[in-house]
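If you want the building blocks of each chain, they are given just below.
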Amino acid sequence: MQQTRRIFSGMRPTGRLHIGNYLGALKNWVELQDSYQCIYCAVDIHALTTISSAEETGDIAVNIEEMVLDWLAAGLDPERSILFVQSHVPEVMSLHTLLSMVTPLGWLMRVPTFKEKVRQMGETDETVNYGLVGYPVLQTADIILYKADAVPVGEDQVPHLELAREIVRRFNNMFGETFPEPQAKLTEVPLIVGLDGQQKMSKSLDNHIDIALSPEDTRKRVLTAYTDPKRTHRNIPGTPEVCNVYSLHKTFTPSADLNEIYQECTGALRGCVDCKRQLASNINKHLGPLRDRREEYRARPGYVKEVLEHGEEQARRIARETMAEVNEKMGLA
Ligand code: TRP
Ligand code: SF4
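Counting restarts for each chain: residues are numbered from 1 in the order of the written sequence. Written order determines the labels here, with chains lettered from A and ligands numbered from 1. Totals for whole chains, interfaces and linings use all residues, but because this is a predicted model, local features are given only for residues with pLDDT of at least 70 and pairs of side-chain atoms are given and counted only at 80 or more. Note that the side-chain values use all heavy atoms of the structure and ignore hydrogens as well as water.

Another aspect to go through is the domain arrangement of the chain. Domain start and stop positions are those given by an automatic or database domain assignment. Entries for the chain in the domain assignment read domain 1 (6–192 + 301–329) and domain 2 (215–294). Measuring from the centre of the C-alpha atoms in domain 1 to the corresponding centre in domain 2 gives 36 Å. The contact rule is simple, with two residues in contact once any of their heavy atoms fall within 4.5 Å. The interface of domain 1 with domain 2 comprises eleven residues on the first partner and seven residues on the second. Buried area adds together the accessible area that both of two parts lose upon being put together, with accessible area traced by a 1.4 Å probe. At the boundary of domain 1 with domain 2, total buried surface from both sides reaches about 870 Å², with 66% on carbon and sulfur atoms.

Structure, rendered in structure tokens:
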């Protein structure tokens, strides 16, 4: 039996993270380090499932570096947790292939994220690449290669975890008890709406604020935020409940100041520009220490590479052990 419960989670390397990624996932990853053995992975092979040109693959290395800098800045600790790149531990690809032998195609075709992705990409069941169909099998391989018990993820990943448990059950039935059934670990997180005030903060919608943004650029960007649309003039009382700037204040502004903002907005006593300046300054205060750390790590030559090599070594040790067991159980010894 493992002494401490083991956590595994993965993030696609999309480059610099924004405050939605930070508050929605990364902050939680940092906190989990106090109670679990944590393994965190930059899933570069998963990134390839939706790639359509060589230009895009050229960004992967840079995107990993930028993302891992954000990880370290936020407090992921390579002394306590295993931080590594998915493709650096090729055992995951062997396990993916072997798991694909025990995964019925129907299970994969029914996954809601799969259908959604196929539609989004303008593909059909005929044209979609085989890798995308197997996305959740690779994700299952990620998790169970390390025999992780719990997987911190967002609501959208719950179907993938259900499938992972089904694959595990099937494997264990066919070849004997080998893997624990991984549980999704959902955490309450505030919905971080983007600067457009319309949708969840996301890089593809360009409504985001990067963690690594300078204070000055943060201020500029916050000043573009959409507010209460009815408030076309300072004399018109506002409705903070429908204002995105206010919702960000709730995350970044000390609660002692919130009531005043509310009163001044509904009483037409504060302008939106001032309100945004105050928000930007609070975001900058909040992220200041994190940004300083990021800069420190960025300035150390080879540091990220070193961290990832160390992680790779630790991850591979576990991966090799699991694969020896799996190969033997499946008759490949
Ligand atoms: N599919 C996950 C996402 O899009 C990323 C991911 C890949 C992952 N492998 C994982 C998450 C393993 C948790 C565990 O967010
Ligand atoms: Fe939003 Fe602030 Fe303007 Fe009120 S004053 S509408 S909370 S930006």
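We now examine the site of ligand 2. Within the structure, ligand 2 sits among Thr-227, Asp-228, Arg-231, Cys-243, Val-245, Tyr-246, Cys-265, Arg-270, Cys-272 and Cys-275. When atoms are counted within 2 Å of each cavity's grid points, the one that captures over half of ligand 2 is the largest cavity. Each helix is a run of DSSP H or I of at least 4 residues and each strand a run of E of at least 2, with the numbering of both proceeding from the N terminus. Mapped onto the shell around ligand 2, the elements with two or more residues apiece are helix H12 (244–252) and helix H14 (272–299). For the shell around ligand 2, a count of residues per class yields six nonpolar, one polar and three charged. Any residue with a non-hydrogen atom lying within 4 Å of a molecule or strand is treated as near it. For each structure, a 1 Å grid was placed over the protein atoms alone; sets of points admitting a 1.4 Å probe that cannot get out are labelled cavities, open sets with protein on both sides within 12 Å along at least five of seven lines are labelled pockets, and lining residues have an atom within 4 Å of a point. Think of it this way: if more than half of a molecule's atoms are within 2 Å of a pocket's grid points, that molecule is in the pocket or cavity. All residues other than Ala, Val, Leu, Ile, Met, Phe, Trp, Tyr, Cys, Pro, Asp, Glu, Lys and Arg, Gly among them, are scored as polar; the first ten of these are nonpolar and the last four charged.

Here we come to the packing of helix H1 (residues 19–32) against helix H4 (residues 60–74). Helix packing for two helices is described by the angle between their axes and how far apart those axes are. One way to put it is that H1 packs onto H4 with a least axis distance of 9 Å and a crossing angle of 60 degrees. What the angle tells us is that H1 and H4 run oblique. As for how H1 packs across H4, the hand of that crossing is right-handed. Of the residues in H4, those in contact with Tyr-22, Leu-26, Trp-29 and Val-30 of H1 are Asp-70, Trp-71 and Ala-74. In terms of residue class, the contact of H1 with H4 is made up of six nonpolar, no polar and one charged. Under this scheme, a helix contributes an axis fitted over its contacting stretch, all axes are lines through C-alpha atoms, and angles between N-to-C directions fall in the 0 to 180 degree range. Roughly parallel refers to an angle under 35 degrees, roughly antiparallel to one over 145, roughly perpendicular to one between 65 and 115, and oblique to any angle outside these ranges. Throughout, a crossing is termed right-handed when the near helix is turned clockwise from the far one, and left-handed when it is turned anticlockwise from it by less than a right angle.

Here we take up helix H15 (residues 303–329). Here, expected helix span is obtained from the residue count minus one, scaled by 1.5 Å. Relative to the 39 Å expected for 27 residues at 1.5 Å per residue, H15 spans 39 Å between its end C-alpha atoms, a close match to the ideal helical length. Downstream of H15 by a residue or two, Gly-331 has a phi angle that is positive, lying close to 80 degrees.

Neither face of strand E3 (residues 82–85) is left uncovered, since the one carrying Ile-82 and Phe-84 and the one carrying Leu-83 and Val-85 both have all their residues buried. Should DSSP find at least two bridges between two strands, the strands are taken to pair. Pairing of strand E2 (residues 37–42) with E3 involves four bridges; the strand directions are parallel. Note that in E3 the partner of Ala-42 across the bridge is Val-85. Burial status follows relative accessibility: with a 1.4 Å probe on protein chains alone, a residue under 20% of its type maximum counts as buried, one over 50% as exposed, and anything between as partly exposed.

Grid points are joined across faces, edges and corners, and a volume is the space filled by probe spheres set on the points. Throughout the structure, instances matching the rule amount to two cavities of 30 Å³ or more. Of the voids in this model, the largest cavity is the one considered here, and its volume is about 90 Å³. Forming the walls of the largest cavity are Thr-227, Asp-228, Arg-231, Cys-243, Val-245, Tyr-246, Ile-261, Cys-265, Arg-270, Gly-271, Cys-272 and Cys-275. Taken together, the elements giving at least two residues each to the lining of the largest cavity come down to H12, helix H13 (255–266) and H14. In this structure, the second largest cavity occupies an estimated 30 Å³ of space. In terms of lining residues, the second largest cavity is bounded by Phe-8, Cys-41, Phe-84, Gln-86, Val-89, Val-92, Asp-142 and Tyr-146.

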